[in-house]
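# Remarks on the overall topology
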Amino acid sequence: MAFELPELPYPQDALEPHISAETLSFHYGKHHNTYVVKLNGLVGGTELENKTLEEVIKSSEGGVFNNAAQIWNHTFYWNSLSPNGGGEPTGKIADAITAAFGSFDAFKEKLNDKAVNNFGSSWTWLVKKADGTLDIVNTSNAGTPITEDGITPIITVDLWEHAYYIDYRNVRPDYLKAFWSLVNWDFANKNFA
Ligand code: MN
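Residues numbered from 1 in each chain as written. Predicted model: local features only at pLDDT ≥ 70, side-chain atom pairs only at ≥ 80, totals over all residues. Heavy atoms only, no water.

## Here we look at the side chain of H27
Along the chain, H27 falls in helix α1 (residues 21–43). By relative accessible area, which is 1% here, H27 ends up buried. A polar side-chain atom of H27 sits 3.1 Å from a polar atom in the side chain of H74. Setting aside chain neighbours within four positions, we find H27 in contact with H32, H74, Y77, W78, D158, H162 and A163. (Helix = DSSP H or I, 4+ residues; strand = E, 2+ residues; numbered from the N terminus. Buried < 20%, exposed > 50% of the residue type's maximum accessible area, 1.4 Å probe, protein only. Polar contact = N/O pair within 3.5 Å; in protein donor to acceptor, adjacent residues only side chain to side chain. Contact = heavy atoms within 4.5 Å.)

## With respect to the nonpolar core
I19, I93, F107, L126, L134 and W185 are the most contacted members of the largest nonpolar core, which totals 59 residues. The greatest single-element share of this core, amounting to nine residues, is contributed by helix α3 (residues 62–80). Of the residues that make up this core, three or more belong to each of domain 1 (21–80) and domain 2 (91–192). Not counting chain neighbours up to four residues away, the residues in contact with F107 comprise I97, F101, L126, I136, W180 and W185. (Core = buried A, V, L, I, M, F, W, Y, C linked by side-chain atoms within 4.5 Å. Domains from an automatic or database assignment.)

## Section: the domain arrangement of the protein chain
Partitioning the protein chain into structural domains gives domain 1 (21–80) and domain 2 (91–192). Taking only C-alpha atoms into account, the centre of domain 1 sits 20 Å from that of domain 2. With 20 residues of domain 1 at the contact, the number on the domain 2 side is 25 residues. Three residues stand out in domain 1 for area buried against domain 2, namely F76, Y77 and S80, and they jointly supply 31% of the buried area on that side. Counting across the domain 1 and domain 2 interface gives zero salt bridges. (Buried area = accessible area lost by both parts, 1.4 Å probe. Salt bridge = Lys/Arg side-chain N within 4 Å of Asp/Glu carboxyl O.)

## Brief notes about the sheet that holds strand β1 (residues 122–128)
Strand pairing in a sheet takes place through backbone hydrogen bonds and is either antiparallel or parallel in direction. What the three strands build is an open sheet, ordered β2-β1-β3; its pairing is antiparallel. The strands lining the two open edges of the sheet, one partner per strand, are β2 (134–140) and β3 (152–158). Going from strand to strand, the sheet's axes swing by 25° on average, the running direction of each strand aside. Of the pairings in the sheet, the one linking β1 to β3 comprises six bridges and is antiparallel in character. Within the sheet, the bridge partner assigned to W123 lies in β3 and is D158. Helix α5 (residues 104–116) contacts β1, β2 and β3 of the sheet and is inclined by roughly 15° relative to β2. (Pairing = 2+ DSSP bridges. Axes fitted to C-alpha atoms, helices over the stretch in contact; angles between N-to-C directions.)

## Looking at unusual backbone geometry
Between E16 and the following residue, P17, the backbone shows a cis peptide bond with an omega angle of 5°. Relative to the elements of secondary structure, P17 occurs in the segment before α1. The backbone of N141 shows a phi angle near 55°, a positive value even though the residue is not glycine. Topologically, N141 is positioned in the loop between β2 and β3. When its relative accessible area of 47% is taken as the criterion, N141 is described as partly exposed.

This is the structure:
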């Protein structure tokens, strides 16, 4: 049984004009797919190939961890975006954001600051902690919050340059503007519940 590349939740051109079809063709079609191909190459014929992706992530290190976590992180990222996303949060996540950060604008500012200062290839996450409150956390390389007990990811933004170099070159703050135009509050509410 091999790990598979999950289908994108929308067509590759659906995030335009914020994120181009060309970016998706590389980021999903090549980068995300390569993690799947590499993981299958590493775990084929071992006991890991019959575990779930989450089990592999929580019980591995090195190349197996890197590829497995990147598969999971990217699937979570695609779902954190939506052609119908953006704007102000709705539902219970809106109240939780106000409670944790004071206002949506203050939350945006804090996440942007964390993301802009997250060095190198990395991810910034909105997470729910064990006590039910929200926080913003950074990870590096393939790092993922699901390895920490009591932490539930709510949404993520991929800060590897392959996520934005075609559309925004090295200008991460412009890519973050695109992220805010696409962020999927329905997905955030589903994860928060
Ligand atoms: Mn990526």
